[in-house]
There are 2 protein chains.
Amino acid sequence: MSIKIGILGYGNLGRGVECAVKQNSDMELAAVFTRRDPSSVKILTSSAKVCNVSELNDWKDKIDVVIICGGSATDLPVQTPELAKSFNVIDSFDTHARIPEHFANVDAAAKSGKNVAIISVGWDPGMFSLNRLYANCILPDGNDYTFWGKGVSQGHSDAIRRVEGVKNGKQYTIPVEAALEAVRNGENPELTTRQKHTRECFVVLEEGADAAKVEAEIKNMPNYFSDYDTTVHFISEEELERDHSGIPHGGFVLRSGKTGWNGENKHIIEYSLKLDSNPEFTSSVLCAYARAAYKLSKEGQSGCKTVFDIAPAYLSAQSGDELRAHLL
Amino acid sequence: MSIKIGILGYGNLGRGVECAVKQNSDMELAAVFTRRDPSSVKILTSSAKVCNVSELNDWKDKIDVVIICGGSATDLPVQTPELAKSFNVIDSFDTHARIPEHFANVDAAAKSGKNVAIISVGWDPGMFSLNRLYANCILPDGNDYTFWGKGVSQGHSDAIRRVEGVKNGKQYTIPVEAALEAVRNGENPELTTRQKHTRECFVVLEEGADAAKVEAEIKNMPNYFSDYDTTVHFISEEELERDHSGIPHGGFVLRSGKTGWNGENKHIIEYSLKLDSNPEFTSSVLCAYARAAYKLSKEGQSGCKTVFDIAPAYLSAQSGDELRAHLL
């Protein structure tokens, strides 16, 4: 009896979920739902169906959890509450500032449908959030540090590509090693935006574009680049394709805290990720939480939850006895 | 309305709990219970009482959670089930192989008393276990690695001190940097005991003892040292006191895994601790889980739990709304 998974949206994230489902022997992919013409979408799992989103309601009794793989800007705020009325759902909503609003909408919908919804699942928000929470609870007297990278920022790459004269481009966010070391040494530095990360851009110019002008425009772009030390490299389309087609990412969450009657002892808690594929890792986290949603739903629970609300054992296919014997 | 904490046992761990309670504004220390004559035990918290263990039952309605700070070999297997009949309890039981048996005993007692017990809380078992579990659930296709140190091993220091001719001694467990790097690089090495850790001993000799004989006896000691590359330094009692009186520890939990349809992408999850004081950090984890025990008990739950069974939000004094707004 395996957990039947539906995927809504078949981009990088949806394909990642398909791969992750294959790695979990207690799960099977039932169907992929797309806004496109289903006949135009080829998936990897021969036993699963490809359907149009309009058919979702026909699958109510054939799917245990729908993993919603849309974008946070416009897709998820609509899709997750809508689907939570009829299905257990998981999403990776990552607009930190709008999480409370999204939570409230999804909670009302999930409760009305007696389903379990888990939002903001992935690595940030997600595993990084969990590590911030655990570390804050253990070391109440301390400082938090989050560094991202080295990795590709989709938003910054998009920003580069909107610059006039740019044909294509990719942006890497890179943590400043000296800042990381200062934190690890327990120096509790106060770090400005510029001191924490640098930005490195690989840009393919349009025929005849002015490189100096493009470089200046990128480096001075407010919000995206002007607060950072930014490097711009001009390369050919072939080089971009050859050396920069991956979607790696990662980062570091640190808490530096003190204990003792007079705060005389220092402690550093560090969590880090080094990911070849940002979407595939996020998908892997989504699948683990899909298992949790399934189990919670079987227990009769409902409503919206986040990673903070899920006991870790729910993520595992193993029993409590097995976990205590082998992983504790 | 703060959470009233009792401490059973006032050694390094008990003192650490006392310091940690002070850092948590929603907690207060009610009493320390000792097997010694209470008048001989001086504590730091002026508002708390020192009592003999025999008085524990008088405190049933005045303490929300007892944090049991005894040893795993003989204290906890008796104390935790006994106290769980009357109190919500936390312990740091760390004999991995006997956890299932301890769990069963404590579970029966806690259920009979309608209390919550959380066992094996600390960093290993504890935070390291949690990280092994999360990482295994996220990356089912992968390998686990746990390294300890650099830090003082109490068991190995005790073993040194039992050698004839040794007056005093301290042993550090040190992870092998090259092994750590190979894991971080995704090489998935198969590591022998010797390849993972080295052991460094600082030994004070008795007057007239044979250094070469002591060194040979330490290095060849089965289970403790014979499977490791061990270094022995002979120092004076003053040097030992000056340079080696701390109880630092720490370590690394890594999972190296693959994702993708054909396992084409590699990922590394790493969690590490660098601790000035092993007992004070463990105490800080115990306090966070004491809050969870208190909240679970208020919800009417009972029985034995481990870190695997506790949703992270229970560790925090903040509400779900606050956590979602600030830490997610």
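Every value quoted in this text rests on a predicted model; they were computed, and no experiment measured them. (Residues numbered from 1 in each chain as written. Chains lettered and ligands numbered in written order. Predicted model: local features only at pLDDT ≥ 70, side-chain atom pairs only at ≥ 80, totals over all residues. Heavy atoms only, no water.)

## Remarks on the overall build of chain A
Looking only at helices and strands, one finds eleven helices and 14 strands in chain A. A compact globule built from 328 residues would reach a C-alpha radius of gyration of about 20 Å, and chain A, at 22 Å, matches this within 12%. Counting only C-alpha atoms, chain A reaches 65 × 60 × 35 Å along its principal axes. Looking at chain A residue by residue over its 328 residues, the buried ones come to 57%. Across chain A, every contact between residues at least 6 apart in sequence was considered, and the portion connecting residues at least 24 apart equals 68%. In the form shown here, chain A has an accessible surface area of approximately 13,500 Å², with 46% of it arising from carbon and sulfur atoms. In chain A, the 35 positive side-chain charges and the 44 negative ones have mean positions that sit 5 Å from each other. (Helix = DSSP H or I, 4+ residues; strand = E, 2+ residues; numbered from the N terminus. Rg over C-alpha atoms; globule rule 2.2 N^0.38 Å. Buried < 20%, exposed > 50% of the residue type's maximum accessible area, 1.4 Å probe, protein only. Contact = heavy atoms within 4.5 Å. Areas by Shrake-Rupley, 256 points an atom, 1.4 Å probe, with all protein chains shown as cover. Lys, Arg positive; Asp, Glu negative; His and termini not counted. Charge placed at Lys NZ, Arg CZ, Asp CG, Glu CD.)

## A closer look at the packing of helix 2 (residues 76-84) of chain B against helix 3 (residues 99-113) of chain B
All names here are of chain B. Interaxial distance between helix 2 and helix 3 falls to 7 Å at its minimum, and their mutual angle equals 20°. Relative to helix 3, the element helix 2 is oriented roughly parallel. The way helix 2 lies across helix 3 gives a crossing that is right-handed. On helix 3, the residues touching Leu76, Pro77, Thr80, Pro81 and Ala84 of helix 2 are His102, Asn105, Val106, Ala109, Ala110 and Gly113. Grouping the constituent residues of the contact of helix 2 with helix 3 by class yields seven nonpolar, four polar and no charged. (Axes fitted to C-alpha atoms, helices over the stretch in contact; angles between N-to-C directions. Parallel < 35°, antiparallel > 145°, perpendicular 65-115°, else oblique. Left-handed = near helix turned anticlockwise from the far one by under 90°. Nonpolar A, V, L, I, M, F, W, Y, C, P; charged D, E, K, R; others polar.)

## Overview of the packing of aromatic side chains
This structure, assessed with the given rule, holds nine aromatic pairs over all chains. With 5.7 Å between their ring centres and 85° between their planes, Tyr172 of chain A and Phe202 of chain A make a pair best called edge-to-face. Of this pair, Tyr172 of chain A sits in strand 9 (residues 166-175) while Phe202 of chain A sits in strand 10 (residues 197-205), and the two are 30 residues apart along the sequence. Judged by relative accessible area, which is 13%, Phe202 of chain A ranks as buried. Plain terms: the ring middles of Phe128 of chain B and Tyr271 of chain B are 6.1 Å apart, the flat faces sit at 85° to each other, and that makes the pair edge-to-face. (Phe/Tyr/Trp six-rings, centres within 6.5 Å; stacked < 30°, edge-to-face > 60°.)

## Considerations on the interface of chain B and chain A
Each partner contributes to the interface: chain B provides 68 residues, whereas chain A provides 68 residues. Summed over both sides, the interface between chain B and chain A buries roughly 6,100 Å², with carbon and sulfur atoms accounting for 63% of that surface. Where chain B touches chain A, the interface holds 27 residue pairs in polar contact (both at pLDDT 80 or more). At eleven residues, strand 13 (residues 265-275) of chain B tops the list of elements feeding residues into the side of chain B that touches chain A. Considered class by class, the residues forming the side of chain B that touches chain A number 35 nonpolar, 18 polar and 15 charged. Two strands pair when backbone bridges link them, and strand 13 (residues 265-275) of chain A and strand 13 of chain B are joined in this way by nine bridges, in the antiparallel orientation. (Buried area = accessible area lost by both parts, 1.4 Å probe. Polar contact = N/O pair within 3.5 Å; in protein donor to acceptor, adjacent residues only side chain to side chain. Pairing = 2+ DSSP bridges.)

## Here's the deal with empty space enclosed by the protein
This structure, assessed with the given rule, holds one cavity of 30 Å³ or more. Reported here for the largest cavity is a volume of approximately 50 Å³. Every residue lining the largest cavity is listed: Met127, Leu130, Asn131, Tyr134 and Tyr271 of chain A together with Met127, Leu130, Asn131 and Tyr134 of chain B. Taken together, the elements giving at least two residues each to the lining of the largest cavity come down to helix 4 (127-138) of chain A together with helix 4 (127-138) of chain B. In the lining of the largest cavity, the residues fall into seven nonpolar, two polar and no charged. (1 Å grid on protein atoms, 1.4 Å probe; cavity = no way out; pocket = protein on both sides within 12 Å on 5 of 7 lines; lining within 4 Å. Points joined across faces, edges and corners; volume = space filled by probe spheres on them.)

## Here we look at the packing of helix 4 of chain A against helix 10 (residues 278-298) of chain B
Interaxial distance between helix 4 of chain A and helix 10 of chain B falls to 8 Å at its minimum, and their mutual angle equals 105°. With respect to helix 10 of chain B, the axis of helix 4 of chain A lies roughly perpendicular. Residues Tyr134, Cys137 and Ile138 of chain A of helix 4 of chain A touch helix 10 of chain B, and the partners they reach there are Phe281, Ser284, Val285, Ala288 and Tyr289 of chain B. Its residues assigned to classes, the contact of helix 4 of chain A with helix 10 of chain B shows seven nonpolar, one polar and no charged.

## Observations concerning the sheet that holds strand 10 (residues 197-205) of chain B
Residue and element names in this part refer to chain B. Overall, mixed pairing links the four strands, which are arranged 8-9-10-11 in an open sheet. The outermost strands of the open sheet, each flanked by one partner alone, are strand 8 (151-152) and strand 11 (229-234). Summarising the sheet, strand 10 and strand 11 pair through six bridges and their orientation is parallel. Note on strand 11: the bridge partner recorded for Glu200 is Thr231. Sitting on the sheet, helix 8 (residues 211-219) touches strand 9 (166-175), strand 10 and strand 11, and the angle it makes with strand 11 is about 150°.

## A look at the relation of the copies chain B and chain A
The transformation that overlays chain B on chain A combines an axial shift of 0.0 Å with a rotation of 180°, and the residual RMSD is 0.0 Å. One copy is carried onto the other by what is essentially a two-fold rotation axis. Minimal C-alpha distance to the rotation axis in chain B is attained by Ala311 of chain B, lying at 1.9 Å. When you check the interface residues of chain B against chain A, 100% turn up at the interface there too, and the contact is symmetric in its surfaces. (Least-squares fit on C-alpha atoms with pLDDT ≥ 70 in both.)

## Some remarks on the pairing of strand 13 of chain B
Residue and element names in this part refer to chain B. Strand 13 sits mainly inside the fold: nine of its eleven residues count as buried. Summarising the sheet, strand 12 (residues 249-259) and strand 13 pair through eleven bridges and their orientation is antiparallel. By the bridge assignment for strand 13, Arg255 is matched with Ile269.

## A word on the environment of Ile118 of chain A
Residues and elements named next belong to chain A. Of note, Ile118 is situated in strand 6 (residues 116-118). For Ile118, a relative accessible area of 0% translates into the label buried. Measuring from C-alpha to C-alpha, the distance between Ile118 and Val89 comes to 6.4 Å, with 29 residues separating the pair along the chain. Those residues in contact with Ile118 that sit more than four places away from it in its chain are Val89, Ile90, Asp91, Tyr289, Ala292, Ala293, Lys305, Thr306, Val307 and Ile310.

## Digging into helix 2 (residues 76-84) of chain A
Within helix 2 of chain A, the full set of buried residues consists of Leu76, Gln79, Thr80, Pro81, Leu83 and Ala84 of chain A. Tucked inside the fold, the buried residues of helix 2 of chain A contact strand 1 (3-8), strand 4 (65-68), strand 5 (88-90), helix 3 (99-113) and strand 6 of chain A.

## Re helix 4 of chain A
Residue and element names in this part refer to chain A. Between its first and last C-alpha atoms helix 4 spans 17 Å; for twelve residues at 1.5 Å apiece the expected length is 16 Å, and the two agree. For helix 4, the buried fraction is high: eleven of the twelve residues fall into the buried class. Taken together, the buried positions of helix 4 are occupied by Met127, Phe128, Ser129, Leu130, Asn131, Arg132, Leu133, Tyr134, Ala135, Cys137 and Ile138. (Expected span 1.5 Å × (residues − 1).)

## Topic: the side chain of Ser284 of chain A
As for its position among the elements, Ser284 of chain A is in helix 10 (residues 278-298). Overall, the relative accessible area of 3% leaves Ser284 of chain A in the buried class. Sequence-distant contacts of Ser284 of chain A, that is, excluding residues within four places in its chain, are made with Ala20 of chain A together with Ile138 and Thr259 of chain B.

## Focus on the sheet that holds strand 11 (residues 229-234) of chain A
The strands that make up a sheet pair up through hydrogen bonds in the backbone, lying either parallel or antiparallel. Residue and element names in this part refer to chain A. Taken in spatial order, the four strands make up an open sheet running 8-9-10-11, and their pairing is mixed. Each edge of the open sheet carries a strand with a single partner, namely strand 8 (151-152) and strand 11. Helix-sheet contacts for helix 5 (residues 154-161) involve strand 8, strand 9 and strand 10, and the interaxial angle to strand 9 is about 145°.

## Section: the confidence of the model for chain A
Looking at chain A as a whole, its pLDDT mean stands at 97, while 100% of the residues score no less than 70. Confidence metrics for the complex model read pTM 0.97 and ipTM 0.97. (pLDDT = per-residue confidence, 0-100.)

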